[in-house]
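Chain and residue survey
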Amino acid sequence: MSRPIVVIPCSTETVGGLVSDVAVRKYAIAVAEGSECQPLLLPVGKGLADIGSVLDVASGILLTGAISNVHPEHYSDEDPILPDAIDRDRDAVTLPLIPAAIERKLPIFAICRGFQELNVALGGTLHQAVHALDDYADHREPQVKDFDVMFAARHPVKLTGELRTWLGQETIVVNSLHGQGVRTLAKPLVAEAFAEDGLIEAARAPSGHPFSLGVQWHPEWQIHSNPQSLALFRRFGDAARGKIAKGQAA
């Protein structure tokens, strides 16, 4: 029996001097082993991603984290504070893809940069540098080469709403590897997790979507050793298989 296809838009990076479409493998592993779906990488260069064709084959969309930032021109009149950390090709694909997928009630799992894309695509805004603001903690990763340290649990988040129901807990401890964060949440989204400093750490699409969730942390990291992360990927896979009805709350 064929597995449902989960489309993963790539990021633009230069590899060996050549412009490349890149997706870190841990995301595909999480989809294949955690959600039990077939990951399919989507290139994001100009003319390489037809949204209609993508939606015709996709049973779900996974939006990954990345070293790049969403360009602020999509949510404000600010200049980017890190001009070299911009991926216009990815923005050009993911930002129109998201509302089209939401309209079709296609399951979406949006992680870190993906969560920021989800918010911007639906009308929200971002802080470009959370760590530069007096009211917030520094949510960036430690500057080390040890990935186990980089992706280690860093701070608690308080869960509310459906996310609390899904995981059966009021608080979980998550990793943290982001400089940008949600400033104003898009009106269609419902906040469902908060850091101790009040920063929104997760949000979902309103009722009626089988699974449309954005999280600011990285649940794809070593999912088999994290029951909460595995539960989210399992639910995402169930939604992609149609086991969660489209009329049921996301």
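No experiment lies behind these values; they were computed from the predicted model shown.

Here's the deal with the nonpolar core
Leu-62, Phe-109, Ile-111, Leu-163, Leu-213 and Trp-217 are the most contacted members of the largest nonpolar core, which totals 32 residues. For this core, the elements supplying multiple residues, two or more each, are strand 1 (5-9), helix 1 (25-34), strand 6 (108-111), strand 8 (155-159), helix 6 (161-167), strand 9 (171-174), strand 13 (212-215) and helix 7 (227-240). The greatest single-element share of this core, amounting to six residues, is contributed by helix 7. Among all residues touching Leu-62, those that are not within four sequence positions of it are Val-6, Val-7, Ile-8, Pro-9, Tyr-27, Val-31, Phe-109, Ile-111, Phe-233 and Phe-236. By size, the runner-up hydrophobic cluster in this structure holds 27 residues, among which are Ala-101, Phe-115, Leu-122 and Ala-205.

Considerations on the sheet that holds strand 6
Spatially, nine strands are ordered 4-1-5-6-13-12-11-8-9 in an open sheet, and the strand pairing comes out mixed. Sheet topology places strand 4 (38-42) and strand 9 at the edges, where each strand pairs with a single neighbour. Put simply, the sheet's adjacent strands are angled 20° from each other on average, direction ignored. Those strands touched by helix 3 (residues 88-103) are strand 1, strand 4, strand 5 (60-63), strand 6 and strand 13, and its axis lies near 140° from that of strand 5.

Section: the environment of Thr-160
By the element assignment, Thr-160 lies in the loop between strand 8 and helix 6. As for Thr-160 and Glu-170, which are separated by ten residues in sequence, their C-alpha atoms are 7.0 Å apart. In this structure, Thr-160 is in contact with Ala-191, Glu-192, Ala-193 and Phe-194, ignoring residues within four places of it in sequence. A polar atom in the side chain of Thr-160 sits 3.5 Å from the backbone oxygen of Ala-191.

Quick notes on the packing of aromatic side chains
One pass over the full model with this rule turns up seven aromatic pairs. Relative to Trp-221, the ring of Phe-151 has its centre 4.5 Å away and its plane inclined at 15°; by these criteria the two rings are stacked. Of the two residues, Phe-151 is situated in the loop between helix 5 (147-150) and strand 8 and Trp-221 in the loop between strand 13 and helix 7; the sequence distance between them amounts to 70 residues. A single burial state applies to Phe-151 and to Trp-221, both of which are buried. Plain terms: the ring middles of Trp-166 and Phe-211 are 5.5 Å apart, the flat faces sit at 15° to each other, and that makes the pair stacked. Remark: Phe-211 occurs in the loop between strand 12 (200-204) and strand 13 and Trp-166 occurs in helix 6; sequence separation between them is 45 residues. Taken as a pair, Trp-166 and Phe-211 share a single burial class, namely buried. The rings of Phe-109, Trp-166, Phe-211, Phe-233 and Phe-236 are connected pair by pair, giving a single aromatic cluster.

Examining the pattern of salt bridges
Within this structure, the stated rule accounts for eleven salt bridges. Where Glu-73 meets Arg-88, a salt bridge forms, and the shortest distance between an N and an O atom there is 2.6 Å. Taken as a pair, Glu-73 in the loop between strand 5 and helix 3 and Arg-88 in helix 3 lie far apart in primary sequence, 15 residues in all. For Glu-73, a relative accessible area of 40% puts it in the partly exposed group. Salt-bridge contacts for Arg-113 lead to Glu-117; the nearest nitrogen and oxygen are separated by 2.3 Å. Separated by four residues within a single helix, Arg-113 and Glu-117 lie in helix 4 (residues 113-121), roughly one turn from each other.

Considering unusual backbone geometry
Although it is not a glycine, Cys-112 adopts a positive phi angle of roughly 55°. Inspection of the secondary structure assignment puts Cys-112 in the loop between strand 6 and helix 4. One non-glycine residue, Gln-222, lies in positive phi territory at about 45°. As for its position among the elements, Gln-222 is in the loop between strand 13 and helix 7. The class for Gln-222 is partly exposed, based on a relative accessible area of 42%.

Reading guide: rules and limits
Residues numbered from 1 in each chain as written. Predicted model: local features only at pLDDT ≥ 70, side-chain atom pairs only at ≥ 80, totals over all residues. Heavy atoms only, no water. Core = buried A, V, L, I, M, F, W, Y, C linked by side-chain atoms within 4.5 Å. Buried < 20%, exposed > 50% of the residue type's maximum accessible area, 1.4 Å probe, protein only. Helix = DSSP H or I, 4+ residues; strand = E, 2+ residues; numbered from the N terminus. Contact = heavy atoms within 4.5 Å. Pairing = 2+ DSSP bridges. Axes fitted to C-alpha atoms, helices over the stretch in contact; angles between N-to-C directions. Polar contact = N/O pair within 3.5 Å; in protein donor to acceptor, adjacent residues only side chain to side chain. Phe/Tyr/Trp six-rings, centres within 6.5 Å; stacked < 30°, edge-to-face > 60°. Salt bridge = Lys/Arg side-chain N within 4 Å of Asp/Glu carboxyl O.

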